[in-house]
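As a plain string of letters, each chain reads:
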Amino acid sequence: MNLSVQLAPANTRGLLLANPVITASGTFGYGIEYQDLFDIQRLGAIVCKGTTLEPWEGNPQPRIAETASGVLNSIGLQNIGVDALIDEKAPIWAGWRVPVIVNIAGETIDDYARLAERLYNVAGISGLEVNISCPNISAGGAEFGTTPEAAAAVTTAVKKATSQPVIVKLTPNTGDIVAVAMAVAEAGADAISLINTLKGMAIDVRTQRPILGNLYGGLSGPAIKPVALHMVYQVAGAVRVPVIGCGGISTSSDALEFIMVGASAVQVGTANLTSPRAALDVLEGIEQFMQDEGVGDLAELIGTARE
Amino acid sequence: MASVVSNKQVMTGTFLMWLECAGISLEARPGQFVMVHCGEETVLRRPLSIHQADGGKFALLYAIIGKGTQWLSQCSPGVEVDILGPLGNGFMVYPDSRNLLLIAGGIGIAPLMSLADRAISDGRNVILLYGTANKDRYHLPSGVTEVAATEDGSIGYKGMITELVPEHVEWADQIFACGPLPMYRAMAKMSELKNKPVQVSLEMRMGCGMGTCYACTIRTRQGLKQVCKDGPVFDMNDVIWEEIKT
């Protein structure tokens, strides 16, 4: 059975995964925390915690709340910063078989370009995932990912700064996600991942105050899967670059749905919080499905529901 | 997976569940916790302190506060519960500490029981100050010297348990506490405790329980800490109490 997938076919370095199951940024730390718990080397790839130029402290407590079939979070990109990542994490990753992709986030276009430069040719890093859900402080705080122009500008700057494979992760909090996807593809993104969390809120009726310290946060988990699936369906029909489906994937059946609407790979996120080995369970379920259905190559399943 | 041995209501809205799982029970240190998957209707696991450990079995003492703990309260003996653990740092008892003062507020008794059990079997002296709202309280297993306080005066001292702390401070080599935030805030203001080694167990909304999602971060005088991985037990004087919200 062939489950391998090339996520950067237009890039001379390429980004070849042994299988399509990736852990989503922010839900699997740096991967290192889980290496003694199960065989993480079997995963398709690991996307690490969103990383900024300087360490970030994140948002005030509380930062997480469960909602119906979902999770609201406002972690606020707490992270160790790119220098500590290069010094402490990348050397460990360099000895791994599983590719590690670094998720990068910034408040200016220059932040993203500098991050890509710092991470260029660092051993242990196979590619970048650009988080464009951050507020663009130089343009008044609207998120980069909400307009095709700003999203393309970030993509162009990152591509100029690195020859490593670049995945751009789209936010669903925009008027026209297809237009944003087409703009980042045009700007040179090697692949597109979607969706990031949907903006959401929850109130504690006893205190009559928002539950999250940041007032609102991002919704993830099974609750958002149908929304994510539709957006992946739309985007996969509009761009030629590989699409990575993400949003509420908890089981292999969820993952197969995304593949069947056109995703070349999938990211497992919130389910990692429920079960650390959720991504591996998804992979094993896909393998079982292919065996049961007599599918020899995963590529045969991509987009089958579109026909 | 852990198999439910028993699950009984021990006071209004509070259950004591014994589970069979040698991997957790034999490894657990007092003050550690587990992450419990409370059925298909929940997404996040619930963090619960290990209340007691006995051979291959361990106990959880939990109050029903939402749909997760409600689900847990319905589990009958024989049911397999998906539990991760033991997690976190646990209490640190110094080898030469003779006298341990334990302070429990309400359901905060949960992690202190295993600490008391261990300390007594190690030959240390334990006094447990246990404060509740009224006489509807958890009946402690025997063997612990208990000083009770109730807010309505129905058992023991009438008032907050923290009011009994100063008279025991001098006796204690180390102090361990678990209770609601107002109890900790009151303790943090006590001049008697300024130079005492006081360890507190914090409760915080958690995501992963393994230090990877950064949901339970707090700022301490030693920098940012994850309650799930660096805690849940912290030195009281390291915590910046004004910033703690749950």
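Conventions used here
Residues numbered from 1 in each chain as written. Chains lettered and ligands numbered in written order. Predicted model: local features only at pLDDT ≥ 70, side-chain atom pairs only at ≥ 80, totals over all residues. Heavy atoms only, no water. Helix = DSSP H or I, 4+ residues; strand = E, 2+ residues; numbered from the N terminus. Buried < 20%, exposed > 50% of the residue type's maximum accessible area, 1.4 Å probe, protein only. Contact = heavy atoms within 4.5 Å. Areas by Shrake-Rupley, 256 points an atom, 1.4 Å probe, with all protein chains shown as cover. Lys, Arg positive; Asp, Glu negative; His and termini not counted. Charge placed at Lys NZ, Arg CZ, Asp CG, Glu CD. Pairing = 2+ DSSP bridges. Domains from an automatic or database assignment. Buried area = accessible area lost by both parts, 1.4 Å probe. Salt bridge = Lys/Arg side-chain N within 4 Å of Asp/Glu carboxyl O. Polar contact = N/O pair within 3.5 Å; in protein donor to acceptor, adjacent residues only side chain to side chain. Axes fitted to C-alpha atoms, helices over the stretch in contact; angles between N-to-C directions. Core = buried A, V, L, I, M, F, W, Y, C linked by side-chain atoms within 4.5 Å.

Sorry if this is basic, but what is going on with the overall build of chain A here?
A count of helices and strands for chain A gives eight helices and 16 strands. Taken over the C-alpha atoms alone, chain A extends approximately 55 × 45 × 40 Å along its principal axes. Buried positions account for 61% of the 307 residues belonging to chain A. Pairs at least 24 residues apart make up 69% of the contacts formed inside chain A by residues separated by at least 6 positions. Put simply, chain A shows about 11500 Å² of open surface, and 51% of that area lies on carbon and sulfur atoms. Taking the average place of the 18 positive charges on the side chains of chain A and the average place of its 30 negative ones, the gap between the two points comes to 3 Å.

In this structure, what is going on with the pairing of strand β15 (residues 217–220) of chain B? I would like to understand it.
In regular strands, side chains alternate between the two faces of the sheet. All names here are of chain B. Two strands pair when backbone bridges link them, and β15 and strand β16 (residues 223–226) are joined in this way by four bridges, in the antiparallel orientation. The partner of Thr217 across the bridge, within β16, is Gln226. The turn linking β15 back onto β16 is made up of two residues.

What's the story with the domain arrangement of chain B in this structure? I'm lost.
The parts lose accessible area when they come together, and the size of an interface is often stated as this lost area. Residues and elements named next belong to chain B. Partitioning chain B into domains gives domain 1 (2–87) and domain 2 (99–243). Here the C-alpha centroids of domain 1 and domain 2 sit 20 Å apart. At the interface, 21 residues of domain 1 touch 22 residues of domain 2. Both faces considered, domain 1 and domain 2 share a buried interface measuring about 1800 Å² in area, 64% of it formed by carbon and sulfur atoms. Our enumeration of links across domain 1 and domain 2 arrives at zero salt bridges. Counting across the domain 1 and domain 2 interface gives five residue pairs in polar contact (both at pLDDT 80 or more).

Just to check I follow, could you spell out the pattern of salt bridges for this structure?
Opposite charge on two side chains allows them to pair when their charged atoms are near. Scanning all chains against the criterion turns up 16 salt bridges over all chains. In this structure, Glu66 of chain A engages Arg46 of chain B in a salt bridge whose closest nitrogen and oxygen atoms are separated by 2.9 Å. In this pair, Glu66 of chain A is assigned in strand β5 (residues 64–67) and Arg46 of chain B in strand β4 (residues 46–49), connecting two distinct chains. Given the relative accessible area of 22%, Glu66 of chain A is considered partly exposed. Classification of Arg46 of chain B by relative accessible area gives buried; the value is 19%. Measuring nitrogen to oxygen at the nearest pair gives 2.9 Å for the salt bridge that ties Arg137 of chain B to Glu146 of chain B. Judged by relative accessible area, which is 13%, Arg137 of chain B ranks as buried. Look at Glu146 of chain B and you get partly exposed, because its relative accessible area is 31%. Here the salt bridges do not stand alone but share partners, grouping Arg42, Arg277, Asp281 and Glu284 of chain A into one network.

Just checking my understanding: could you explain helix α6 (residues 252–260) of chain A for this structure?
Structurally, the α-helix is built with 3.6 residues per turn, so residues lying three or four positions apart point the same way. All names here are of chain A. Buried within α6 we find Ser252, Asp254, Ala255, Leu256, Phe258 and Ile259. Turning to α6, the residues buried within the fold contact α5 (225–236), β15 (243–246), β16 (265–268) and α8 (278–293). Gly262 sits one or two positions beyond α6 and adopts a positive phi of about 125°.

I keep staring at the sheet that holds β16 of chain A and nothing clicks. Help me out?
Hydrogen bonds between backbone groups are what pair the strands of a sheet, and the pairing can be parallel or antiparallel. Residues and elements named next belong to chain A. Around the barrel, which closes on itself, the eight strands sit in the order β3-β4-β7-β8-β9-β10-β15-β16 with parallel pairing between neighbours. Each adjacent strand pair in this sheet contributes to an overall mean axis angle of 25°, direction not counted. As paired elements, strand β3 (residues 21–23) and strand β4 (residues 45–47) share two bridges and run parallel to each other. If you follow Thr23 over to β4, its bridge partner there is Ile46.

Sorry if this is basic, but what is going on with the nonpolar core here?
General note: in soluble globular proteins, nonpolar side chains tend to be found buried as a group. Core analysis: the largest hydrophobic core is formed by 163 residues, its most contacted members being Trp93, Leu170, Leu194 and Ile286 of chain A together with Ile103 of chain B. Two domains each provide a minimum of three residues to this core, namely domain 1 (2–87) and domain 2 (99–243) of chain B. Those residues in contact with Leu194 of chain A that lie beyond four places of it in its chain are Leu170, Ile177, Met231, Val232, Val235, Val243, Ile244, Gly245 and Cys246 of chain A. Val4, Leu48, Cys75 and Ile83 of chain B belong to the second-largest nonpolar core, a separate cluster that totals 20 residues.

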